[in-house]
Amino acid sequence: MKAWHENEAGTMGELMTNDRVRLTYRDTGGEGVPLVMLHGWGQTQKMFRHQMDGLAPARRVITLDLRGHGLSEKPRHGYRIARLAHDVLDLVDHLGLDRFDALGWSMGASVWWSFIDQYGSGRIRRLVAVDQPAAVAAVPWLTPEEQRDSGAIFGVADLLELGAALAGPDGGRVRDDFVRGMFSGDPDGDLIAFVMEEIKSTPSFAGVPLLYDHCAQDWRDVLPRVDVPTLVIGCEGSHVSPASQRFIAGLIPDARLHVFPAGVANSHFPFLENPPAFNAVVDTFLSAADEISSLAIA
């Protein structure tokens, strides 16, 4: 697997959030509309190493280790999606970004939805949401049909059990099993090893409460108010149902949808598993003319 080198794509930087937490980001400093990319739960900005290389030549690409993740500080507070959204606001303010494209994968998509919910979409030119359900927890007041549409993965009791196990003495094995479940078939061993290594950077005191808060969110009321051109990306081999991605694309006005077939990417990590295919889909969407149609590109 390709190593993450300091001089490969862009430079590392740090910012201090308004509640005094140090976050680490990488900025290619390129030309054009910046693209700010957010990783998923427990992971790091290294997830986008192939995008820093593959997308950066045509645009400025910025990635961030969210609080409690990667090289960023790991305080004992702030592990809520709303707080992470404010951290992203601190980032774009720190960089002086008045207009940018936004990409979020998994929990990173939830952070962008929270950002739009709280701060509006005035600074976002285009949004890419990658493989995130509209609601992760199958709370009792959702009907079975709503649970299916939303892409709910856990029952509430299952979520509580998972959190307790992750925080327990056998948390490392539970975490590895959880990650393995995000891949279908017989995935590349080096790729899984890379993902499992990166997730170790998030301690359980950060990861467990954040996972609970993340899974407890229901974004169905926010999605119809996303008023920027949006691309929703799913993957047939992911543990996130592709049907949930079609549901999300139907809720966001004029959203486009792309679902990678299993022969192209077979996991929750299409950007790692097949970078050329993923980069091509994202680049086509971000490079299109401002007036885009509502036709799906899948």
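You'll find the structure just up there.
Reading the values: the criteria
Residues numbered from 1 in each chain as written. Predicted model: local features only at pLDDT ≥ 70, side-chain atom pairs only at ≥ 80, totals over all residues. Heavy atoms only, no water. Patch = residues over 30% accessible without salt bridge, like charges linked within 9 Å, V, L, I, M, F, W, Y side chains within 5 Å. Areas by Shrake-Rupley, 256 points an atom, 1.4 Å probe, with all protein chains shown as cover. Salt bridge = Lys/Arg side-chain N within 4 Å of Asp/Glu carboxyl O. Helix = DSSP H or I, 4+ residues; strand = E, 2+ residues; numbered from the N terminus. Buried < 20%, exposed > 50% of the residue type's maximum accessible area, 1.4 Å probe, protein only. Phe/Tyr/Trp six-rings, centres within 6.5 Å; stacked < 30°, edge-to-face > 60°. Polar contact = N/O pair within 3.5 Å; in protein donor to acceptor, adjacent residues only side chain to side chain. Contact = heavy atoms within 4.5 Å.

Undergrad: What's the story with a nonpolar patch on the surface in this structure? I'm lost.
TA: A surface patch of nonpolar side chains, about 270 Å² in accessible area, is lined by Val156, Leu160 and Tyr212. Tracing the backbone through its elements, the reader meets Val156 in helix α5 (residues 156-167). By relative accessible area, which is 33% here, Val156 ends up partly exposed.

Undergrad: Which parts of the structure should I look at to understand the packing of aromatic side chains?
TA: Going through the model one piece at a time under the given rule, you end up with 14 aromatic pairs. Taking the centre distance of 5.4 Å and the plane angle of 70 degrees together, the rings of Phe115 and Tyr119 count as edge-to-face. Of this pair, Phe115 and Tyr119 are both found in helix α3 (residues 107-119), four residues apart, which corresponds to roughly one turn of the helix. For Phe115, a relative accessible area of 2% puts it in the buried group. An angle of 35 degrees between the planes, with centres 6.1 Å apart, marks the rings of Phe154 and Phe178 as tilted. Residue Phe154 is located in strand β8 (residues 154-155), and its partner Phe178 is located in helix α6 (residues 171-180); the two are separated by 24 residues in the primary sequence. Owing to a relative accessible area of 12%, Phe154 belongs among the buried residues under this scheme. Here a set of aromatic residues connected by ring pairs shows up, and it is made of Phe48, Trp105, Phe183, Phe260, Phe269, Phe271 and Phe278.

Undergrad: Help me out: how do you make sense of the side chain of Thr44 in this one?
TA: If you trace the backbone, Thr44 turns up in the loop between β3 (35-38) and α1 (49-54). A polar contact is formed between the side chain of Thr44 and the side chain of Glu198, at a distance of 2.8 Å. When sequence neighbours within four positions are dropped, the list of residues in contact with Thr44 reads His39, Asp65, Gly70, Glu198 and Ser201.

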